[in-house]
Amino acid sequence: MNFPTTSFRRMLIFFTAFVSSVGLANAVPILYGVTDSGQFGTLNLNTNSFSLISTLAFVPYGLVPAPNGFFTLTSTGEFASISYAGVASNIGDTGLGLLSNDTAEIGSTVYVIDTNDNLYTVNAASGALTLVGSTGITPVSAANVASGDYDDTFQGANGNLYYSQDQGGGPATLYHINTSTGAATPVGPTLSGLEAAISLGGTDYVFQTNGSSPTFSEEYTLNLGTGATSGGTTITGGTALYGVAAAPEPASFALAGIGIAVCAFRSLRRRDAR
């Protein structure tokens, strides 16, 4: 029987580890979500189901990736982090109070929009806000803030900020927001009742709140160029989604796999040299 040469074995191990890393890079990232009842858990878009990890002591507004989990905004204006295990920690007070609305992220920059429809950036270490500017969108009325009779999505997608809003059961509009000035440009009418959104692999998913006591979410796809939606699939296992985020990013898996391949190659080389 002819056994492979040492060089061949090195190449085989390296190739196997590298192919595994590429497979991980193309895998669908793990999705996490938060709901209007303070639930935190994973979201499976293949089975359209939510699996509970923990119940938070507050209602979270939005969910964006953080170094060791996620950032969110509470209904009382606190900027907070949530670990992958579902443990929440307060970072700092934004000063918004009940004007808190939603969070989004582009790269490492976290944005907050309030119910007066002003855009801010957030200091992720302290929760302090820096005003970018007014979006020019009609603010949520005091009555609708008090009753919670408004819906919105806020997300970073393809390096851009998008925001949708409806209040009092009225029509909804999707906007593109200028990250330098805060000014909003209407994209087009969209589905009312949207409360969470995420872009994955070129597809934008939005989640509409339906029902009462308990609520639930319907998943749609959104055309960011027009505001049009399609689909409509019920998410089971949790109440209405108020934020969805992906973590860890596939690129991190790919780098980890390449690192494993390199380490395996070097280890084998050292053994062969003995």
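Residues numbered from 1 in each chain as written. Predicted model: local features only at pLDDT ≥ 70, side-chain atom pairs only at ≥ 80, totals over all residues. Heavy atoms only, no water.

Could you clarify how one ought to interpret the overall build of the protein in this entry?
The helix and strand inventory of the protein stands at three helices and 20 strands. A fraction of 48% describes how many contacts in the protein between residues 6 or more apart in sequence connect residues 24 or more apart. Summed over its atoms, the accessible surface of the protein is roughly 12900 Å², and 56% of this surface lies on carbon and sulfur atoms. (Helix = DSSP H or I, 4+ residues; strand = E, 2+ residues; numbered from the N terminus. Contact = heavy atoms within 4.5 Å. Areas by Shrake-Rupley, 256 points an atom, 1.4 Å probe, with all protein chains shown as cover.)

Is there a simple way to think about the sheet that holds strand 7 (residues 88-93) in this case?
Strand pairing in a sheet relies on backbone hydrogen bonds, with the paired strands running either antiparallel or parallel. Ordered by their spatial adjacency, four strands build an open sheet running 4-5-6-7, and the pairing between neighbours is antiparallel. If you trace the sheet from one side to the other, it starts and ends with strand 4 (60-66) and strand 7, each paired once. Across the sheet, the mean angle separating the axes of adjacent strands is 25 degrees when strand polarity is ignored. (Pairing = 2+ DSSP bridges. Axes fitted to C-alpha atoms, helices over the stretch in contact; angles between N-to-C directions.)

What exactly am I supposed to notice about unusual backbone geometry here?
Cis peptide bonds are those with omega within 30 degrees of zero, and the linkage from S213 to P214 qualifies with 5 degrees. Assignment of secondary structure puts P214 in the loop between strand 17 (203-211) and strand 18 (215-222). Here the phi dihedral of N48 falls at roughly 55 degrees; this positive angle occurs in a residue that is not glycine. Here N48 falls in the buried class, since its relative accessible area comes to 17%. Positive phi is not limited to glycine here, since N158 has a value of about 55 degrees. Tracing the sequence through the fold places N158 in the loop between strand 12 (150-157) and strand 13 (160-167). (Buried < 20%, exposed > 50% of the residue type's maximum accessible area, 1.4 Å probe, protein only.)

What exactly am I supposed to notice about the pairing of strand 19 (residues 229-235) here?
Strand residues, when the strand is regular, have side chains that alternate between the two faces of the sheet. Bridge analysis of strand 18 against strand 19 gives six bridges, and the strand direction is antiparallel. Each bridged residue has a counterpart across the sheet, and for T221 the counterpart in strand 19 is S230.

Help me understand the sheet that holds strand 18, please; the structure alone is not making it clear to me.
The four strands lie next to each other as 16-17-18-19, forming an open sheet whose pairing is antiparallel. Across the chains shown, the open sheet's two edge strands, defined by having one partner strand only, are strand 16 (194-200) and strand 19. Going across the sheet, the axis of each strand differs from the next one's by a mean of 25 degrees, ignoring polarity. Two elements, strand 17 and strand 18, share eight bridges in a ladder whose sense is antiparallel. By the bridge assignment, D204 is partnered in strand 18 with L222.

Quick question: what am I supposed to make of the side chain of D117 here?
Secondary-structure assignment places D117 in the loop between strand 9 (109-113) and strand 10 (118-122). Note on D117: relative accessible area 0%, which makes it buried.

What's the story with the confidence of the model for the protein in this structure? I'm lost.
Close reading of the predicted structure is inappropriate where its pLDDT is low. The predicted model of the protein has a mean per-residue pLDDT of 86, with 80% of residues at 70 or higher. This stretch, residues 11-26, has a pLDDT under 50; its non-local contacts, to residues over four places away or in other chains, come to 16 contacts. Overall, residues 249-265 carries pLDDT values under 50, and its contacts beyond four positions in sequence, including any with other chains, amount to 19 contacts. (pLDDT = per-residue confidence, 0-100.)

Honestly, the pairing of strand 18 in this entry has me stumped. Any pointers?
In terms of residue burial, strand 18 counts as a mostly covered element, since six of its eight residues are buried. Between strand 17 and the antiparallel strand that follows it, strand 18, lie three residues; S213 among them carries a positive phi value of about 45 degrees. Once strand 18 ends, the chain turns through six residues before running back antiparallel as strand 19, passing G227 with a positive phi of about 90 degrees.

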